[in-house]
Amino acid sequence: MANKGTLLVTGASGHLGQQVLESLLKKSDGKNKIIATSRDKNKLKSFTDRGVDTRSADFGDAASLDQAFAGADRLLIISTDAIGSRLAQHKNAIDAAVKAGVKHLVYTSWINPDRSPALVAADHIATEKLIEKSGLTYTILRNSFYTDNLLGALPHAIQSGTLAGAQGGGRQAYVTREDCARAAAGALLSEDYTNAIYDITGPRAVSYPELAKILSEISGKEIKSLDLPASDYKGALVGSGLPEPVAELFLSFDLSVKQGSVAGVSTAVKDLSGQAPQDIKDFLIANKKSFLS
Ligand SMILES: NC(=O)c1ccc[n+]([C@@H]2O[C@H](COP(=O)([O-])OP(=O)(O)OC[C@H]3O[C@@H](n4cnc5c(N)ncnc54)[C@H](OP(=O)(O)O)[C@@H]3O)[C@@H](O)[C@H]2O)c1
């Protein structure tokens, strides 16, 4: 059931936040007041110009949130990027939402956070539990690995002819950030998804050997997948210039693939947004300029 309430998106200057706002502006059709918050409100000027009520909000500054959240009925908490230290930030946001009289929370989580070895999982499962205990109704969106994340690693894979990882042949149901945004907008706009948890995935799960085949077709060059022991893969990432904590984070995503916890495919994107999620191959073809020289 659609609602006419006031919808608030936090982290609205981020990649996902901007896309959620675009989807809301398109779908709400003026029926909902829309509030967008960011640590830097100046970054939201283009949305202010389009009638969005833009406000400053920093989850690290609890006092800033009372005013920022005032008047919101349904509020999307976009998880912050402070991996490992964001639970306190998320708690501030949840507490402020309760205080401000928000009725429904939507939160961007991670697939199977209760058993995932991904280093992002602990903050997410702890935040989910805080939301469940908040007394507010909620929709948890467990976003799979963004297909968009692949783009950074692909130029090297194409150039070297090798797609290296430590996924052990496991599959991952990549989802585009735009599909995550559309699903989040759907969860804000409709009251049909109350006290529910969804895996937000693409339409199929793909292994590295399968991805290498897709890349070979797109690039016209043979790309092979190479599965490495975890320590070798981490060493290769550090050797390529990544700081050790970032290498450990990347490795932990591969280990979640190996574990099999990111292979499930759901219909949630279509259910929440009304639009089928984009296939990984279609996304890569549409963005091939970013990784083919
Ligand atoms: N599933 C995946 O593959 C995947 C990949 C990357 C990230 N993520 C998660 O999904 C979130 C959104 O992704 P994205 O691509 O939009 O990332 P992004 O562009 O890096 O955005 C980071 C987000 O964190 C917000 N943020 C950081 N510190 C904050 C604070 N103190 N208070 C309030 N908000 C704060 C930012 O809001 P403002 O700058 O507007 O304040 C922004 O929305 C990320 O933050 C991360 O938790 C998931």
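Higher on the page you've got the structure.
An account of the accompanying structure is given in this report.

With respect to the overall build of the protein chain
- Per the secondary structure count, the protein chain includes twelve helices and eleven strands.
- Computed over its C-alpha atoms, the radius of gyration of the protein chain comes to 19 Å, within 12% of the 19 Å expected for a compact globule of 293 residues.
- Long-range pairs, those at least 24 residues apart, make up 77% of the contacts in the protein chain with a sequence separation of at least 6.
- For the protein chain, the computed accessible surface area is about 13000 Å², with 51% contributed by carbon and sulfur atoms.

Thoughts on the pairing of strand β2 (residues 34-38)
- Within β2, five of the five residues are buried, which leaves it mostly tucked inside the rest of the structure.
- Where strand β1 (residues 7-9) lies against β2, three bridges are found, and the strand directions are parallel. Note that in β2 the partner of L7 across the bridge is I34.
- Crossover connection from β1 via helix α1 (residues 15-28) to parallel β2: handedness right-handed.

Focus on the site of the ligand
- Residues in contact with the ligand amount to 23 residues; listed here are only the nearest, G11, S13, H15, L16 and S79.
- Here an oxygen atom of the ligand and a backbone polar atom of S79 are 2.6 Å apart.
- Between R86 and the ligand, the recorded distance is 3.1 Å, taken from a side-chain N or O atom to an oxygen atom.
- Partitioning the shell around the ligand into residue classes produces six nonpolar, twelve polar and five charged.

Topic: the packing of aromatic side chains
- Tallied over the full model, the rule gives four aromatic pairs.
- Considering the side-chain rings of F145 and Y174, the 6.0 Å spacing of their centres and the 75° angle between planes classify their relative orientation as edge-to-face. Placement of the pair is F145 in the loop between β6 (137-143) and α6 (154-160) and Y174 in the loop between β8 (171-172) and α7 (177-189), with a sequence separation of 29 residues. We note that F145, like Y174, is buried.

Focus: the nonpolar core
- Residues V9, V20, L24 and I200 are the most contacted members of the largest nonpolar core, which totals 33 residues.
- Of all the secondary-structure elements, those providing two or more residues to this core are β1, α1, β2, α7, β9 (196-200) and α11 (268-273).
- No other element matches the eight residues that α7 contributes to this core.
- Excluding residues within four positions of it along the chain, I200 makes contact with I111, L141, R142, N143, S144, V175, C180, A183, A268 and V269.
- Core analysis: the second largest hydrophobic core is formed by 29 residues, L163, A212, I218 and F253 among them.

Focus on the sheet that holds strand β5 (residues 104-110)
- Taken together, the seven strands give an open sheet; going across it, the order is β3-β2-β1-β4-β5-β6-β9, and neighbouring strands pair in parallel fashion. For this open sheet the edge positions go to β3 (53-56) and β9, each flanked by a neighbour on one side alone. Between one strand and the next, the sheet's axes are offset by a mean angle of 20°, whatever the strand orientation.
- Across the sheet, helix α3 (residues 62-69) is in contact with β1, β2, β3 and β4 (74-77); its angle to β3 comes to roughly 165°.

A word on the environment of G30
- On the secondary structure map, G30 appears in the loop between α1 and β2.
- Judged by relative accessible area, G30 falls into the exposed class, the value being 71%.

So, unusual backbone geometry
- Positive phi, close to 45°, is recorded for N112, a residue that is not glycine.
- Examined against the element boundaries, N112 turns out to sit in the loop between β5 and α5 (121-133).
- Note on N112: relative accessible area 17%, which makes it buried.
- In the Ramachandran plot, N195 falls in the positive-phi region, its phi being about 50° despite a non-glycine side chain.
- On the basis of relative accessible area, N195 is assigned to the partly exposed category, the value being 43%.

Scoring rules and cut-offs
- Residues numbered from 1 in each chain as written.
- Predicted model: local features only at pLDDT ≥ 70, side-chain atom pairs only at ≥ 80, totals over all residues.
- Heavy atoms only, no water.
- Helix = DSSP H or I, 4+ residues; strand = E, 2+ residues; numbered from the N terminus.
- Rg over C-alpha atoms; globule rule 2.2 N^0.38 Å.
- Contact = heavy atoms within 4.5 Å.
- Areas by Shrake-Rupley, 256 points an atom, 1.4 Å probe, with all protein chains shown as cover.
- Buried < 20%, exposed > 50% of the residue type's maximum accessible area, 1.4 Å probe, protein only.
- Pairing = 2+ DSSP bridges.
- Right-handed = clockwise from strand over helix to strand, strands pointing away.
- Near = heavy atom within 4 Å.
- Polar contact = N/O pair within 3.5 Å; in protein donor to acceptor, adjacent residues only side chain to side chain.
- Nonpolar A, V, L, I, M, F, W, Y, C, P; charged D, E, K, R; others polar.
- Phe/Tyr/Trp six-rings, centres within 6.5 Å; stacked < 30°, edge-to-face > 60°.
- Core = buried A, V, L, I, M, F, W, Y, C linked by side-chain atoms within 4.5 Å.
- Axes fitted to C-alpha atoms, helices over the stretch in contact; angles between N-to-C directions.

Function-wise, these values are silent; they only describe arrangement.
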